[in-house]
Each structure stands twice: as structure tokens, then as C-alpha cells.
Amino acid sequence: MRFLLLARAMHREDTTHEDGVLSRLVAQCLGYLNRPHVLKEEGLFRIPGSLSDINRLRAAFIAGRDVNLSEVHDPNTVASLLKQYFKELKKPLIPLGSTQKNLLLAMRAKDLPRVKEIVQSIPLDRLSSLQIMIEILAKVVEYSEYNKMSLTNVATSCGQSIFNNMSPVSANDMLLFVIQHREEIFT
């Protein structure tokens, strides 16, 4: 199941889960980003894309218009759009309160079974979103020889977008830990 959600998101406009629908924006961005020549883009997820293009694409998605990301020539614009989407989520991927606190404690104690238990208790729509983002970020790290995006660089560049309700240090540490242990956490 490791790449099942990512594969679904890449091949369908809307990816349906039991508890909801994965945003068309996320699915299209993942499809665009999950290509070898894009994954090799130096600074992918670190270098910001064109703000005017990000705003134009965001407005088109919000308005429900058809968006053809293949017409976007800057992978950093699509990566920035995806980061912005997660950063602006009204409901954070990791619910506030005891879930977040317990997850941070388990992560800092390197208690992988407890981390898995907490992550698996997250509502399915958020869990699915978290998993597919972790999978695409792990693929970015796999291409670090080309894109210069080591695990630490990815965590620093994306931690606050994925874990938008945590402190920068906690968010970066959490993202680094989850990417490193994604197979154990999501299986």
C-alpha cells in the first residue's frame, strides 16, 4: 500500500477515500511533481515559485476551473502551490491538543509503535493527505543527488507547511522523523 494513495492521486482527477475526497489541486500537483525530470529540479520545494503564477493557479482551483498544470514550466511554482495548500488548511493534518502533544512526545522518545498508533488514529482524510505528502517528499529525497534536497533540506523547507500548527523546530523534526520511518508508520 506504500504508494497506493500516491498512484491513485496521480491517475485520477479526484481521489475518493472513505471519509472524503482528496483535493483536485493536490492530485494534480502530485501528478505533475511525480515525474523524474521534475523530481530532479534543483531546490524543489525549497526555491519559491512565481507568486503571481501561484495566485493565478490557486484562484483557478478555488473557482473550480479546469487547470492544466502541464502548461506550467516551473516545477517550483507547483511545489509552492502544494505547500501553500497544506499550510492554509483550516484543519491541521495533526489535530491540535493531546494528539499533537502525544505525537511530539512519542517522536522525541523515538517510540515508533506509539507514533504509528497516534498517526493511524488521525481521521482518514487527514491521514491520507499526510501519507501522500510524505511519499512525494520521500521521492524528492531519493533524487537528492540531482535536486540537492537532502532529508534535512526537505524537512526544513516543508515542515511548517505540512505541520502548520507546530513550532518550526517541532515541525521540521516531525517531518524528518515521519519521512525516515514512513514504511513502519503507514503500514
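Residues numbered from 1 in each chain as written. Predicted model: local features only at pLDDT ≥ 70, side-chain atom pairs only at ≥ 80, totals over all residues. Heavy atoms only, no water.

**Considering the environment of Leu93**
Phase 1: Here Leu93 is to be found in the loop between helix 5 (75-87) and helix 6 (98-108).
Phase 2: Along the chain, Leu93 and Ile122 lie 29 residues apart, while their C-alpha atoms are 8.0 Å from each other. (Helix = DSSP H or I, 4+ residues; strand = E, 2+ residues; numbered from the N terminus.)

**Description of the side chain of Thr77**
Phase 1: As for its position among the elements, Thr77 is in helix 5.
Phase 2: Leaving out residues up to four positions away in the same chain, Thr77 has contacts with Gly49, Ser50, Asp53, Ile54, Leu57 and Val72. (Contact = heavy atoms within 4.5 Å.)

**Topic: the packing of aromatic side chains**
Phase 1: Counted by the stated rule, this structure contains two aromatic pairs.
Phase 2: Relative to Tyr146, the ring of Tyr143 has its centre 6.4 Å away and its plane inclined at 45°; by these criteria the two rings are tilted.
Phase 3: Residue classification places Tyr143 among the buried residues on the basis of a relative accessible area of 19%.
Phase 4: Here the guanidinium or amino end of Arg35 rests over the ring plane of Tyr32, the centre of that ring lying 4.6 Å away. (Phe/Tyr/Trp six-rings, centres within 6.5 Å; stacked < 30°, edge-to-face > 60°. Buried < 20%, exposed > 50% of the residue type's maximum accessible area, 1.4 Å probe, protein only. Lys NZ or Arg CZ within 6 Å of the ring centre and 35° of its normal.)

**Points about the packing of helix 2 (residues 24-33) against helix 5**
Each pair of packed helices can be described by the angle between their axes along with the distance between the axes.
Phase 1: Between helix 2 and helix 5, whose axes approach to 10 Å, the crossing angle comes to 145°. Pair helix 2 / helix 5 crosses with left-handed handedness. When helix 2 is examined against helix 5, the residues Leu25, Val26, Cys29, Leu30, Tyr32 and Leu33 are found in contact with a partner set consisting of Pro75, Val78, Ala79, Leu81, Leu82, Tyr85 and Phe86.
Phase 2: In the contact of helix 2 with helix 5, the residues fall into 13 nonpolar, no polar and no charged. (Axes fitted to C-alpha atoms, helices over the stretch in contact; angles between N-to-C directions. Left-handed = near helix turned anticlockwise from the far one by under 90°. Nonpolar A, V, L, I, M, F, W, Y, C, P; charged D, E, K, R; others polar.)

**Here's the deal with helix 7 (residues 112-120)**
Phase 1: Turning to helix 7, its buried residues number three or more, namely Leu112, Val115, Ile118 and Val119. Down the axis of helix 7, the smallest arc covering the buried residues is 125°, so these residues share one side. (Arc of directions from axis to C-beta.)

**Re the environment of Asn153**
Phase 1: Residue position: Asn153 is located in helix 10 (residues 151-162).
Phase 2: Between the C-alpha atoms of Asn153 and Gly43, which are 110 residues apart in sequence, the distance is 8.9 Å.
Phase 3: If we skip the residues at most four places from it in the chain, Asn153 touches Arg46 and Lys148.

**Concerning helix 6**
Phase 1: Along helix 6, the residues classified as buried are Gln100, Leu103, Leu104, Ala106 and Met107. Around the axis of helix 6, the buried residues are gathered within 165° of arc, so they sit on the same side. Along helix 6, the residues that are exposed and aim more than 90 degrees away from the buried face are Ser98, Lys101 and Leu105.
Phase 2: Buried-residue contacts for helix 6 involve helix 7 and helix 11 (168-180).

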